[in-house]
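Observations on the three-dimensional arrangement
Residues per chain, in single letters:
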Amino acid sequence: MSVIAALRHLQRVDSQVRALSTRLDGAADALAAREREVTTANAKLAEAESIHRQLMASAKNLEAESGSFKVRIESLRVELNATSKKSQYDIILGEMGTLQEKRDELDGQALEFMTKADAQQARITDATTHRDERVRRRDAARTEHDQRQADIADRLAELRREREEAAIQVPAKELALFNSIADEHEGEAMAEVIELSARHREYTCGACNIELPPRAYAALMGNNDTIICCPSCRRILHLAFAEKAD
Ligand SMILES: [Zn+2]
């Protein structure tokens, strides 16, 4: 097999490997994007829950404080009932009134925090619904990814073996050149020479369409196994009939 024929064979197998890998990469990228959405949704839910806990804790603290005022008021009431002196009675009653005012204030504040906590509970419900929806989408993407992987895994392994075998047929120097150009052009390392006008000796690169110097065509015509690269896109040039000759 000529070097150009070996390179063209390698090109065909390499393209198939890349096409299949791209399909798999696409599913993997989609899955990764869905995973990120789940992470974001979980973080938002955790934040909403944390705010709710803080509001509840504030309400509970105020209720506890109010409770201790209640105990003091109750003990004052016992004192009040036991006293017979009018002056002392008035002092105790005044103190009870002051404590009750403070207690009412604390109860009012506790109620505000409880109201806020209720509103926050609604946000938690929304965030949970949103997160669950994201989890369903992520799971669907995972199923799609796994299915696609299972579908093409065997074919891809087979093609990779074929590619290795095809690469063995190409001399080391040309193989290195091919690999470098293939990486640059997503696998398209070869380009056919297009004849625009034989009479005017006008030829272009079939990939990037730049006009080729006549000597490039002449060199290939002289020996179609010569390695000539397009001066613009660097792809390895070949003549259309070179394939049929092999
Ligand atoms: Zn070109």
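Residues numbered from 1 in each chain as written. Predicted model: local features only at pLDDT ≥ 70, side-chain atom pairs only at ≥ 80, totals over all residues.

Focus: the domain arrangement of the protein
Once the domains are mapped, the protein shows domain 1 (3-168) and domain 2 (173-245). The interface of domain 1 with domain 2 comprises 10 residues on the first partner and 15 residues on the second. With 9 residues, helix α1 (residues 3-82) is the single largest residue contributor to the side of domain 1 that touches domain 2. Across the side of domain 1 that touches domain 2, the residue classes tally to 5 nonpolar, 2 polar and 3 charged. (Domains from an automatic or database assignment. Contact = placed C-beta atoms within 7 Å. Helix = DSSP H or I, 4+ residues; strand = E, 2+ residues; numbered from the N terminus. Nonpolar A, V, L, I, M, F, W, Y, C, P; charged D, E, K, R; others polar.)

Thoughts on unusual backbone geometry
Although it is not a glycine, Asn-209 sits at a positive phi angle of roughly 70°. In this structure, Asn-209 sits in the loop between β2 (202-205) and β3 (211-212). One non-glycine residue with positive phi stands out, namely Arg-234, at about 75°. Mapped onto the fold, Arg-234 is located in the loop between α4 (214-222) and β4 (236-238). For Arg-234, a count of 17 C-beta atoms within 10 Å translates into the label partly exposed. (Buried ≥ 20, exposed ≤ 12 C-beta atoms within 10 Å, placed from the backbone.)

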